[in-house]
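Residue-level listing of the chains:
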Amino acid sequence: MANILIIGASRGLGAAFSVGIPTPGDTVWLVSRTRPDLERADGVRRQWVEADLASPDAHRTVADALAGQRLDALIYNAGIWEQYAFTREYDFESVSESETQRIIAVNLTSAITCVQALLPNLRQSVGGKIILIGSTSGLENGGSPEVAYAASKFGLRGLGHALRENLRSNGIAVTCINAGEVAAEIAYERGPDEAIAAYGGTRIPVQDLAAVVRCVMGLSNVSCVKEIDIPAITDRNA
């Protein structure tokens, strides 16, 4: 039975992770601002941790909720972007300072502080895993013009590389999964075929990413997957 923390879990990919990753008997803490769906007859114990990751105290709220319990996997899935990101209306010069600061705080700063606060919990596990959900926007020559978002996802990769060096002696593996566009609006329960059909195969079904996370979590404590890049097959920039 595993203890799993999913940060950024109320909807989209995070909600899919909360359904597609745990198995009966597992305990999952779901961190989000809005309450996720906790009532499922699948033998998984789910607990909501209400937190705004833009708040400088969010990491303390999360650590207090775990109350010193063992943590086998920390999945940092939180990610926000500029108002007009990924559209032709995006204009770097019109992005407000407050919007930029919030993107960096949620996507990167909170990832650092949450991991730091939860290291005592992760060290209790044999072969603990930290899985950071990045983006192909954070890869070299990824073609993304969204400045704050791309910078935060580049930073998340740097966080992963540096953490790995700090945590080798603890046997805690750190993986960054750089995903392309995800069909996050199509719920996990509706299946990958619906997601593929809805977007003509241009967006990745959430089931694919859940499967990758399960694979990483299932590896022995000898293996360490550093990074996985998962663009849609139609994405020529990634």
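Criteria and cut-off values
- Residues numbered from 1 in each chain as written.
- Predicted model: local features only at pLDDT ≥ 70, side-chain atom pairs only at ≥ 80, totals over all residues.
- Heavy atoms only, no water.
- Helix = DSSP H or I, 4+ residues; strand = E, 2+ residues; numbered from the N terminus.
- Rg over C-alpha atoms; globule rule 2.2 N^0.38 Å.
- Buried < 20%, exposed > 50% of the residue type's maximum accessible area, 1.4 Å probe, protein only.
- Contact = heavy atoms within 4.5 Å.
- Areas by Shrake-Rupley, 256 points an atom, 1.4 Å probe, with all protein chains shown as cover.
- Lys, Arg positive; Asp, Glu negative; His and termini not counted.
- Charge placed at Lys NZ, Arg CZ, Asp CG, Glu CD.
- Core = buried A, V, L, I, M, F, W, Y, C linked by side-chain atoms within 4.5 Å.
- Pairing = 2+ DSSP bridges.
- Axes fitted to C-alpha atoms, helices over the stretch in contact; angles between N-to-C directions.
- Right-handed = clockwise from strand over helix to strand, strands pointing away.

1. Points about the overall build of the protein
No. 1: Per the secondary structure count, the protein includes 6 helices and 7 strands.
No. 2: For 238 residues, the compact-globule formula gives about 18 Å, and the C-alpha radius of gyration of the protein, at 17 Å, lands near that figure.
No. 3: Each of the three principal axes of the protein carries a C-alpha extent, and together these read 45 × 40 × 35 Å.
No. 4: Residue burial in the protein is summarised as follows: out of 238 residues, 48% are buried.
No. 5: Restricting to contacts in the protein with at least 6 residues of sequence separation, those with at least 24 account for 65%.
No. 6: Accessible surface for the protein amounts to roughly 11500 Å². Of this, 50% is attributable to carbon and sulfur atoms.
No. 7: Measuring between centres, the 21 positive side-chain charges of the protein sit 6 Å from its 27 negative side-chain charges.

2. Comments concerning the nonpolar core
No. 1: By size, the foremost hydrophobic cluster in this structure holds 31 residues, and its most contacted members are Leu 5, Leu 53 and Leu 74.
No. 2: Of all elements in the fold, only β1 (3-7), β2 (27-32), α2 (58-66), β4 (73-76), α3 (97-122), β5 (129-135), α4 (147-167) and β6 (173-179) reach the threshold of two or more residues within this core.
No. 3: Counting residues per element, this core draws most heavily on α3, at 7 residues.
No. 4: If sequence neighbours within four positions are ignored, Leu 53 has contacts with Ile 7, Val 31, Ala 58, Tyr 76, Ala 78, Ala 105, Val 106, Ser 110 and Cys 114.

3. Some points on the sheet that holds β2
Through backbone hydrogen bonds, the strands of a sheet pair up, either in parallel or in antiparallel fashion.
No. 1: One open sheet holds the 7 strands; their spatial order is β3-β2-β1-β4-β5-β6-β7, and the pairing between them is parallel. The strands lining the two open edges of the sheet, one partner per strand, are β3 (45-50) and β7 (227-230). This sheet shows a mean twist of 15° between the axes of neighbouring strands, independent of strand direction.
No. 2: Across 5 bridges, β1 lies against β2 in parallel orientation. Considered in β2, the bridge of Asn 3 is made with Thr 27.
No. 3: Packed on one face of the sheet, α2 meets β1, β2 and β3 and runs near 150° to β3.

4. Side note on the pairing of β5
No. 1: Of all 7 residues in β5, 7 are buried, a share of seventy percent or more.
No. 2: Judged from the 4 bridges that link them, β4 and β5 form a sheet pairing that is parallel. Considered in β5, the bridge of Tyr 76 is made with Leu 132.
No. 3: Once the chain exits β4 it traverses α3 before rejoining the sheet at β5, and the crossover so formed is right-handed.

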